[in-house]
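Residue-level listing of the chains:
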Amino acid sequence: MKLFDSHCHLTWADDQYPVEEWLQQAHANQVEQFICVAVDEKNALECKALADIFPQVHPTFGIHPNDLGDGSELAARLQTLNSLAKETSWVAVGETGMDFFREHTTREVQEEGFTFQLELAKEWDLSTVIHCRDAADATLAILKNHGNPERCIMHCWSGSPDELKPFLDLGVWVSFAGNLTYPKSDAIRQSAQLVPEHRLLLETDAPFLAPQPKRGKRNEPAFLPHTLQALAEIRKMSPIDLAEITYQNTCEAFEISFHSGIEVDTDT
Ligand SMILES: [Zn+2]
Ligand SMILES: [Zn+2]
């Protein structure tokens, strides 16, 4: 069995618990590949630097809706993304999207950042990692009005089944995180039943949202099997089959060669 963590923030490892250790622990738990998601332009370069060292790490570049600030330097920052797009290493734009849970960035600024990044994804034929929190209607409207990029990933789905349905009609992938395992997450679990099998992804969103058995701890990719187990129970599937399916789905969602899997045991 091998697992793909389709969304984590490996750059937030620290001296006390360095990224080498995250990756080692992950490997010990059969988590072998990682989409390392950026939250701003500086962080994108850090993700890329990690990917240069670790071939199992795949970087994205983008600005999170909560990291757009007051929008005062928005134009210049979006131009920075524009220049970053020319680098060849990215597997996706993001994370971008809309977040009305925290509104220290206005909805207008969020929308401008989001639509710019959608256009960037289309222009460079990149996948798009979409963050959507308490903002399903607005996110959907923007995707429909601007035309969604071909490969969109709704990461850490936390909405209701009714909110999810119109996104599924757009042909997006849907990724489930540790909050799938929380006692009060019935709406997320009902959503997880609706997603077509070939659109299902798993993620940790580490260091956030540790799954129930590890709740309260700092999350890390090694904890992904707990979310796999929960999703397997919801879908009435074997965890081994589900691991294989979600691994392959992640490769497709990010256009990563299925056989780029790391063979850490080879000593050649
Ligand atoms: Zn997010
Ligand atoms: Zn994230």
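As a reminder, the structure under discussion sits directly above these lines.
What counts as what
Residues numbered from 1 in each chain as written. Chains lettered and ligands numbered in written order. Predicted model: local features only at pLDDT ≥ 70, side-chain atom pairs only at ≥ 80, totals over all residues. Heavy atoms only, no water. Helix = DSSP H or I, 4+ residues; strand = E, 2+ residues; numbered from the N terminus. Buried < 20%, exposed > 50% of the residue type's maximum accessible area, 1.4 Å probe, protein only. Contact = heavy atoms within 4.5 Å. Areas by Shrake-Rupley, 256 points an atom, 1.4 Å probe, with all protein chains shown as cover. Lys, Arg positive; Asp, Glu negative; His and termini not counted. Charge placed at Lys NZ, Arg CZ, Asp CG, Glu CD. Donors = N, O, S within 2.8 Å, 3.2 Å for Na, K, Ca; no water. Salt bridge = Lys/Arg side-chain N within 4 Å of Asp/Glu carboxyl O. Phe/Tyr/Trp six-rings, centres within 6.5 Å; stacked < 30°, edge-to-face > 60°. Lys NZ or Arg CZ within 6 Å of the ring centre and 35° of its normal. Tetrahedral: all angles 85-135°; square planar, octahedral: opposite > 155°, others 65-115°. Pairing = 2+ DSSP bridges. Axes fitted to C-alpha atoms, helices over the stretch in contact; angles between N-to-C directions.

Draft legend 1. Looking closely at the overall build of the protein. When helices and strands are tallied, the protein shows nine helices and eight strands. Each of the three principal axes of the protein carries a C-alpha extent, and together these read 45 × 45 × 35 Å. Expressed as a percentage of the 268 residues in the protein, the buried residues total 57%. Here the analysis covers contacts within the protein between residues at least 6 apart in sequence; of these, 72% occur between residues at least 24 apart. Taken as a whole, the protein presents about 11800 Å² of accessible surface, with 48% of it coming from carbon and sulfur. Within the protein, one finds 21 positive and 42 negative side-chain charges whose respective centroids are separated by 6 Å.

Draft legend 2. View of the coordination of the zinc ion (ligand 1). Donor atoms from the polypeptide that bind the zinc ion (ligand 1) are Glu95 (OE), His131 (ND1) and His155 (NE2), placed at 2.0 to 2.1 Å. Between the zinc ion (ligand 1) and the zinc ion (ligand 2), both coordinated by Glu95, there is a metal-metal distance of 3.5 Å. Of this pair, Glu95 sits in strand β4 (residues 92–99) while His131 sits in strand β5 (residues 127–133), and the two are 36 residues apart along the sequence.

Draft legend 3. View of the pattern of salt bridges. This model, assessed by the stated rule, comprises nine salt bridges. Notably, a salt bridge pairs Lys122 with Glu119, separated by 3.4 Å at the nearest N-O pair. Placement of both Lys122 and Glu119 in helix α4 (residues 107–123) is noted, with a separation of three residues, approximately one turn of the helix. Assessed through its relative accessible area of 33%, Lys122 is described here as partly exposed. One salt bridge in this structure joins Glu255 and Arg151, with 3.4 Å as the shortest N-O distance. Placement of Glu255 in the segment after α9 (239–253) and of Arg151 in the loop between α5 (136–146) and β6 (152–155) is noted, with a sequence separation of 104 residues between them. The network of salt bridges with shared partners includes Asp125, Arg151 and Glu255.

Draft legend 4. Spotlight on the packing of aromatic side chains. As enumerated under the stated definition, the model contains five aromatic pairs in all. With a centroid separation of 5.0 Å and 35 degrees between ring planes, the pair formed by Phe61 and Trp90 is classed as tilted. Placement of the pair is Phe61 in strand β3 (residues 57–61) and Trp90 in the loop between α3 (74–84) and β4, with a sequence separation of 29 residues. Note on accessibility: Phe61 and Trp90 belong to one class, buried. The lysine or arginine in question, Arg133, covers the ring of Phe101, its NZ or CZ lying 3.5 Å from the ring centre. The lysine or arginine in question, Arg199, covers the ring of Trp173, its NZ or CZ lying 4.3 Å from the ring centre.

Draft legend 5. Region of the structure containing the coordination of the zinc ion (ligand 2). For the zinc ion (ligand 2), the protein coordination sphere consists of His7 (NE2), His9 (NE2), Glu95 (OE) and Asp205 (OD), at 2.1 to 2.5 Å. One way to put it: the four donor atoms around the zinc ion (ligand 2) meet at angles of 86 to 178 degrees, and that makes the site irregular. Donor residues binding the zinc ion (ligand 2) come from one chain and are separated in sequence as H-x1-H-x85-E-x109-D. Its relative accessible area of 2% is what places Glu95 among the buried residues.

Draft legend 6. Just unusual backbone geometry, in detail. Between Gly94 and Glu95 the backbone carries a cis peptide bond, its omega angle lying at 15 degrees. With an omega dihedral of 15 degrees, the bond running from Ala206 to Pro207 counts as a cis peptide bond.

Draft legend 7. Structural context of the environment of Ala13. With respect to the secondary-structure elements, Ala13 resides in the loop between β1 (3–8) and α1 (19–28). Taking the C-alpha atoms as reference points, Ala13 and Ile256, 243 residues apart in sequence, are found 24 Å from one another. Contacts of Ala13, omitting those with residues within four sequence positions, involve Pro18, Val19, Trp22 and Arg218.

Draft legend 8. Focus on the environment of Glu87. As for its position among the elements, Glu87 is in the loop between α3 and β4. Judged by its relative accessible area of 36%, Glu87 is partly exposed. Between the C-alpha atom of Glu87 and that of Lys48, which follows or precedes it by 39 residues, the distance is 9.7 Å.

Draft legend 9. Here's a closer look at the sheet that holds β1. Strand order in the open sheet formed by eight strands is β1-β2-β3-β4-β5-β6-β7-β8, with parallel pairing between adjacent strands. Lying at the two open borders of the sheet, with one neighbouring strand each, are β1 and β8 (200–202). Strand after strand, the sheet turns through a mean of 30 degrees between neighbouring axes, direction not considered. Of the strand pairs in this sheet, β3 and β4 are connected by two bridges, and their pairing is parallel. Note that in β4 the partner of Thr60 across the bridge is Ala92. The sheet contacts of α1 involve β2 (31–36) and β3, and relative to β2 the element is tilted by about 135 degrees.

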